[in-house]
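Single-letter residue listing:
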Amino acid sequence: QEALIRHHEAEELLKKLTLEEKVSLLTGKTMWEAGGVPRLNLPRLRFSDGPHGARGEGLHGTVGAALAPCLSALAATFNEEIILKVGEILGQECA
């Protein structure tokens, strides 16, 4: 039920976006972020490059970050508690 509500919210948000705003969500603002839409309170999206888990913006350690296991390594633990904890840590790191 909650997934259906979230899907509906996403559909409604998409209807409110202009073409330019939709394109801005697909293009980079920085090396690791795609554009947000301030008028709809949609924050920028932060990305990571995969195998090494999430990290800061710098390529050479210029911005410190907690090094987290990649998603496939986390999934291999079959431990939902650990996965949730890592998710919380990454959420705080990216906030």
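Here the structure is a predicted model, which means the values were calculated and not measured. Residue indices follow the written sequence of each chain, beginning from 1 at its first position. With pLDDT at 70 or above as the cut-off, local features in this predicted model cover only qualifying residues; side-chain atom pairs require 80 or more to be listed or tallied, and sums for whole chains, interfaces and linings still use all residues. Based on all heavy atoms of the structure, the side-chain values leave hydrogens and waters out of the count.

## A short note on unusual backbone geometry
For residues other than glycine, phi is negative in most cases, and the peptide bonds are mostly trans.
No. 1: Despite not being glycine, Asn41 has its phi angle at roughly 55°, a positive value.
No. 2: You can call Asn41 exposed: its relative accessible area is 71%.
No. 3: A positive phi angle is found at Phe78, which is not glycine, with a value near 55°.
No. 4: Topologically, Phe78 is positioned in the loop between α3 (71-77) and α4 (80-94).
No. 5: Exposure remark for Phe78: the relative accessible area of 76% places this residue in the exposed category. Three labels apply to residues, based on accessible area from a 1.4 Å probe with only protein chains included: buried if under 20% of the type maximum, exposed if over 50%, partly exposed otherwise in between. Each helix corresponds to a stretch of at least 4 residues labelled H or I by DSSP, and each strand to a stretch of at least 2 residues labelled E; elements are numbered beginning at the N terminus.

## Digging into the side chain of Glu33
No. 1: In this structure, Glu33 sits in strand β1 (residues 33-34).
No. 2: Each polar contact in these results corresponds to two N or O atoms within 3.5 Å; when the atoms are within protein, one needs to be able to donate a hydrogen and the other to accept it, and residues that are neighboring in sequence are counted only if both atoms are side-chain atoms. Side-chain polar atoms of Glu33 contact the side chain of Arg44, separated by 3.1 Å.

## Re the pattern of salt bridges
No. 1: Each reported salt bridge corresponds to a side-chain nitrogen of Lys or Arg within 4 Å of a carboxyl oxygen of Asp or Glu. Taken as a whole and judged by the stated rule, the model has 4 salt bridges.
No. 2: With its nearest N and O atoms 2.6 Å apart, the salt bridge here joins Arg39 to Glu21. Separated by 18 residues along the polypeptide, Arg39 in the loop between β1 and β2 (45-46) and Glu21 in helix α2 (residues 19-24) bring together distant segments of the chain.
No. 3: Looking at Glu21, the relative accessible area reads 14%, which means it is buried.
No. 4: The salt bridge involving Glu33 is made with Arg44; its shortest N-O contact spans 3.1 Å. Placement of the pair is Glu33 in strand β1 and Arg44 in the loop between β1 and β2, with a sequence separation of 11 residues.
No. 5: Exposure remark for Glu33: the relative accessible area of 7% places this residue in the buried category.

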